[in-house]
Amino acid sequence: MPSYYDWNTALIEHVTHGAPLGSTVYLEVSDESLERIGVQRWGAPAAGTTWAGDFRAAVQESCAPRGRVEVAWTLRNDPRGRPLSAAFLGATVLAASHMASAGVVHERNYFQRLAEVLGVPLASQGRPPGLPSGEEEPLWRAWARFLRRRGYDSTARAGEGALRFIAYPISQSLLNGAERQRLARLFAERGYPAGWDGETLASRLRADGVPSRKLQELLQRTGAAAEDVQGALLDALQAFHASGAGEGTGDGLGGAWSARQLVAGLYRDEDWRGEVTYRLFPKQPRGVRLTDMRARLGGQDWPLQLERPGYYQPLGDVSAQDLHTGARFEVTGSPFVDALVLPARDFWLLREDPDLRGQFASLGTPGLGEHVLLLTRDTLLPDLRRFRDEGLLAWTGEPTAAGDGWVEVRDVLVTGNHWAEIPAGAARALHDALRPPGGVSVRLHGGVRSQRGGAYLLGGAPDVEVTSFWTDAHLTVCRDGQEVYAAPVTPNEPLGGLLDAAGEYEVTAESRGVRSVRLLTVLDWTALRAAPAPEMSGVTLGGAQVCGPFVWEVQA
C-alpha cells in the first residue's frame, strides 16, 4: 500500500500538474479525487478497498499513530524541497468535504469530521487530541510559501472568529459533492453537450440560471478566480458525460475511472508576409498524469508535447469550418484521455504570447490594460460596435476578414468599467468575456525570466505598472513579508527599480477601495541550475566537429 510519503507526493503533483505559471492552486481533496489519483498512479485498488480508504489509513498511521495527532514533524520538507504537510492538509480538506455534504457548517461539525478521517476521538475541548487551536495554521503558511516559490498562488485563506482555522480547508473545495449532484441533474435536464469549454459552460449557466446560492456566487467571480471556477465546472461536465449519464446510462457522478477530453484553444501564427494560420493549442488538464499521447488529425498522428506549464505545443491547422462547428480528434496513449476537442464558439479572445512577440493564443483571461486580438463571427460586430460607441472598448483599424463569416479585430482594449450599465444584447458571452475583473490591476513589463517557476533574475526584474480606470492609486511592495515600498503612484505609468533584491515579492495595487495582488519571485543568479548539454552532431571539417556556433575537436 502507498505510504504517507507516496500520498504526499501524489497530492502535490495532482494539484500543480498542468497549472500555468502564475495561476492559483486549490488543494482539492475529496473521495472522488482520491480515487482518481490512486487509479492513475497505482491502478485499481485491492478487492474490497478504496483509494480514499488507503489515503486515510496512511495519514492515520503517520499523523495519529497513538490516538493523538502529531504533525509538528510535517513542517519539514522532503529531499526535493516539497512540504511534508500536504497529505495531512489534504486530510483536513477531505474532512471539510464530508462536512459540506452534511449541510451544516460550524466548528464542531468540522472537527467531528476531521476526527473521523484521522481515526481519533474528539477531546474535551472539541478538537482532536494533540491538535490545539491554531496548530495547523503554520502548515498552511508553509504550503503557501512552497507554491509561491514554484510560481503559483495558494487559495487557502483564514476566516473570521471561530471559523478562522477551519476556513483554510473549506476554502479549498470549489464544488463539493452536493453541488456536483445539483450540476449533474441540471446538465441532464438542459442537455448540455460534452464539447463545451469552461468559459462557454460558465456563460451558459449564468444565462440559464443555477439552483444554489453557492453556484451563483462562484459564477460571479472574475479574473483568475473565474478561470478556477470554469475549470471545476468543466470537470463536472466531463465527469457527467464520461459516466454515461449524458446518454442515459449512468448517474452522472462517476469520474475516477472515466476518460476525459483535452480542450484546445487557438494559436495564431503570422509569418513575415502577413499570412495568418490558426492551429490547435491544447490545454494541459490539471491533476491528470499523462503518458506519451498522440492526437489523430487528418489521418496523421501528432505527438502531444508539453510546450510550457499548462499547454501543449500547437498542432495541425484550424479551418473556418472547424471554428463554426467545433471538432473532435481521437487521442491515444492514455486510458484517462480519449479525445481532443475544439469547442464551437462565437468568438475567441487571444492574448499576445509572452515568449514570442507578435503571435497570439488562448492564454487565459486578459488583464486590465492589456491589448488583445479578437477573432469573432461577423454577426457579433453590431454588438461589438455598440460596446465601442458606449465607451467600453476601443480597437485599431477596421475588422479584417478571416474566412467564411469570421473577422479579426486587432488591438482591442477595454476602456470603460460601466459594463453592468450596458445591455449585452445578442452577445452575452462576449460581454462576459470582455468585462474587466476589476478597476485596478498590477502589470509587469520586460524582465528576464528563469525556467524555475517563472521567476525573474536579479538585475533583470520587470518594471511594475498599476493599471486603473481612475486617476489615483497606491502601490505597496513587500519582499519576504517585509514592506519595502509604499506610496501613491500615477496609474498607467511603469515604475522601475522596485524589485532590486532577490526574494519573494507581493505587489499590491489599490484604487478607490479595489485591490489587486501580484506575486512573483526574483532569484539570484547563483540559484540557477546548469542546463544539461544538448546533444549535437553537426558536420566534420578536418579534425573538428562543427554545429552552429559550437566547434570541438574530434577524438581520434
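Residues numbered from 1 in each chain as written. Predicted model: local features only at pLDDT ≥ 70, side-chain atom pairs only at ≥ 80, totals over all residues. Heavy atoms only, no water.

## Here's the deal with the overall build of the protein
Right, so step 1: Of regular secondary structure, the protein possesses 14 helices and 26 strands.
Right, so step 2: Taken over C-alpha atoms, the radius of gyration comes to 25 Å for the protein, in line with the 24 Å a tight globule of 556 residues would show.
Right, so step 3: Projected onto the principal axes, the alpha-carbon positions of the protein cover approximately 75 × 70 × 60 Å.
Right, so step 4: Counting over 556 residues, the protein shows a buried share of 48%.
Right, so step 5: Sequence separation of 24 or more characterises 62% of the internal contacts of the protein that already satisfy a separation of 6 or more.
Right, so step 6: Summing over all exposed atoms, the protein offers an accessible surface of approximately 25900 Å²; the carbon and sulfur share of this is 49%.
Right, so step 7: Side chains of the protein carry 56 positive and 67 negative charges; the gap between the two charge centres is 4 Å. (Helix = DSSP H or I, 4+ residues; strand = E, 2+ residues; numbered from the N terminus. Rg over C-alpha atoms; globule rule 2.2 N^0.38 Å. Buried < 20%, exposed > 50% of the residue type's maximum accessible area, 1.4 Å probe, protein only. Contact = heavy atoms within 4.5 Å. Areas by Shrake-Rupley, 256 points an atom, 1.4 Å probe, with all protein chains shown as cover. Lys, Arg positive; Asp, Glu negative; His and termini not counted. Charge placed at Lys NZ, Arg CZ, Asp CG, Glu CD.)

## A word on the pattern of salt bridges
Right, so step 1: This structure, assessed with the given rule, holds 36 salt bridges.
Right, so step 2: With a shortest N-O distance of 3.5 Å, arginine 180 and glutamate 32 are connected by a salt bridge. Within this pair, whereas arginine 180 is found in helix H8 (residues 177-190), its partner glutamate 32 is found in helix H2 (residues 31-42), the two being separated by 148 residues in sequence.
Right, so step 3: With relative accessibility at 19%, the residue arginine 180 sits in the buried group. (Salt bridge = Lys/Arg side-chain N within 4 Å of Asp/Glu carboxyl O.)

## Describing empty space enclosed by the protein
Once rolled over the atoms, a probe with the size of a water molecule shows which space is left empty.
Right, so step 1: As enumerated under the stated definition, the model contains four cavities of 30 Å³ or more in all.
Right, so step 2: The calculated volume of the largest cavity comes to roughly 130 Å³.
Right, so step 3: Breaking the lining of the largest cavity down by element, the ones donating at least two residues are strand S16 (406-414) and helix H14 (428-434).
Right, so step 4: When its residues are assigned to classes, the lining of the largest cavity shows eleven nonpolar, three polar and two charged. (1 Å grid on protein atoms, 1.4 Å probe; cavity = no way out; pocket = protein on both sides within 12 Å on 5 of 7 lines; lining within 4 Å. Points joined across faces, edges and corners; volume = space filled by probe spheres on them. Nonpolar A, V, L, I, M, F, W, Y, C, P; charged D, E, K, R; others polar.)

## Things to note about the packing of H2 against helix H3 (residues 51-63)
Right, so step 1: Interaxial distance between H2 and H3 falls to 7 Å at its minimum, and their mutual angle equals 95 degrees. Judged by the inter-axis angle, H2 sits roughly perpendicular to H3. Only Trp51, Ala52, Phe55 and Arg56 of H3 make contact with H2, whose side of the interface consists of Asp31, Leu34, Glu35, Gly38, Val39 and Trp42.
Right, so step 2: The residue makeup of the contact of H2 with H3, split by class, is six nonpolar, one polar and three charged. (Axes fitted to C-alpha atoms, helices over the stretch in contact; angles between N-to-C directions. Parallel < 35°, antiparallel > 145°, perpendicular 65-115°, else oblique.)

## Section: the nonpolar core
Right, so step 1: Leu34, Phe55, Phe88, Tyr110, Leu118, Trp140 and Trp143 are the most contacted members of the largest nonpolar core, which totals 53 residues.
Right, so step 2: Contributions of two or more residues to this core are made by helix H1 (4-16), H2, H3, helix H4 (86-102), helix H5 (107-118) and helix H6 (137-149).
Right, so step 3: Top element by residues in this core is H4. It accounts for ten residues.
Right, so step 4: Setting aside chain neighbours within four positions, we find tyrosine 110 in contact with Thr92, Ala95, Ala96, Met99, Ile166 and Pro169.
Right, so step 5: Leu323, Ala327, Val331 and Leu340 belong to the second-largest nonpolar core, a separate cluster that totals 25 residues. (Core = buried A, V, L, I, M, F, W, Y, C linked by side-chain atoms within 4.5 Å.)

## Examining the packing of aromatic side chains
Right, so step 1: Under the criterion given, the structure shown has 16 aromatic pairs.
Right, so step 2: The interplanar angle of 85 degrees and the centroid separation of 5.9 Å between the aromatic rings of tyrosine 4 and tyrosine 5 together place this pair among those described as edge-to-face.
Right, so step 3: You can call tyrosine 5 partly exposed: its relative accessible area is 45%.
Right, so step 4: The interplanar angle of 70 degrees and the centroid separation of 5.4 Å between the aromatic rings of tyrosine 267 and phenylalanine 281 together place this pair among those described as edge-to-face. Taken together, the residues span a long stretch of sequence, with tyrosine 267 in strand S3 (residues 260-270) and phenylalanine 281 in strand S4 (residues 276-282) at a distance of 14 residues.
Right, so step 5: With relative accessibility at 3%, the residue tyrosine 267 sits in the buried group.
Right, so step 6: Positioned above the aromatic ring of phenylalanine 347, the side-chain terminus of arginine 345 is 4.9 Å from the ring centre.
Right, so step 7: When the ring centre of tryptophan 348 is taken as origin, the NZ or CZ atom of arginine 345, which lies over that ring, is 4.8 Å away. (Phe/Tyr/Trp six-rings, centres within 6.5 Å; stacked < 30°, edge-to-face > 60°. Lys NZ or Arg CZ within 6 Å of the ring centre and 35° of its normal.)

## What about unusual backbone geometry?
Right, so step 1: Phi angles above zero are rare outside glycine, and aspartate 480 is one such case at about 55 degrees.
Right, so step 2: Secondary-structure assignment places aspartate 480 in the loop between strand S20 (473-479) and strand S21 (482-489).
Right, so step 3: Positive phi outside glycine occurs at asparagine 492, with the angle close to 70 degrees.
Right, so step 4: Structurally, asparagine 492 can be placed in the loop between S21 and strand S22 (503-511).
Right, so step 5: The class of asparagine 492 is partly exposed, set by a relative accessible area of 40%.

## Observations regarding the confidence of the model for the protein
Right, so step 1: Per-residue confidence for the protein averages 87 on the pLDDT scale, and 93% of its residues sit at or above 70.
Right, so step 2: Below a pLDDT of 50 lies the segment residues 248-254, which in the model reaches 20 contacts outside its immediate sequence neighbourhood of four places, other chains included. (pLDDT = per-residue confidence, 0-100.)

## A word on the sheet that holds S20
Right, so step 1: Spatially, S18-S23-S22-S20-S21 is the arrangement adopted by the five strands of the open sheet, whose pairing is mixed. Each having just a single partner strand, strand S18 (456-457) and S21 make up the two edges of the open sheet.
Right, so step 2: Looking at chain direction, S22 and strand S23 (residues 514-523) are connected through nine bridges and run antiparallel. Residue glutamate 510 lies in a different strand from S23, and its bridge partner there is arginine 515.
Right, so step 3: Docked against the sheet, H6 engages S22 and S23, running at close to 95 degrees with respect to S22. (Pairing = 2+ DSSP bridges.)

## With respect to the pairing of S23
Right, so step 1: Bridge count between S18 and S23: two bridges; the pairing is parallel. Bridging from a neighbouring strand, tyrosine 456 pairs with valine 522 of S23.
Right, so step 2: Between S22 and S23, which follow one another and run antiparallel, lie two residues, and arginine 512 among them has a positive phi close to 55 degrees.

## Quick word on a positive patch on the surface
Right, so step 1: On the surface, Arg80, Arg145, Arg149, Arg150 and Arg529 cluster together to form a positively charged patch.
Right, so step 2: For arginine 529, the position within the fold is in the loop between S23 and strand S24 (539-541). (Patch = residues over 30% accessible without salt bridge, like charges linked within 9 Å, V, L, I, M, F, W, Y side chains within 5 Å.)

## Some details on the environment of serine 450
Right, so step 1: Considering the arrangement of structural elements, one finds serine 450 in the loop between strand S17 (440-445) and S18.
Right, so step 2: Its relative accessible area of 11% is what places serine 450 among the buried residues.
Right, so step 3: For the pair formed by serine 450 and alanine 527, sequence separation is 77 residues and the distance between their alpha carbons is 10.0 Å.
Right, so step 4: Apart from the residues within four sequence positions on either side, serine 450 is in contact with Ala455, Leu457, Leu523 and Leu528.

## A short note on H8
Right, so step 1: Compared with an ideal rise of 1.5 Å per residue, which puts 14 residues at 20 Å, H8 spans 20 Å between its outermost C-alpha atoms and is within 8% of the ideal.
Right, so step 2: For H8, the full list of buried residues reads Glu179, Arg180, Leu183, Ala184, Leu186 and Phe187. Projected down its long axis, H8 shows its buried positions confined to an angular sector of 165 degrees, all on one face. Within H8, the exposed residues directed more than 90 degrees away from the buried face are Ala188 and Glu189.
Right, so step 3: Those residues of H8 that are buried are in contact with H2, helix H9 (198-208), helix H10 (213-219) and helix H11 (223-242). (Expected span 1.5 Å × (residues − 1). Arc of directions from axis to C-beta.)

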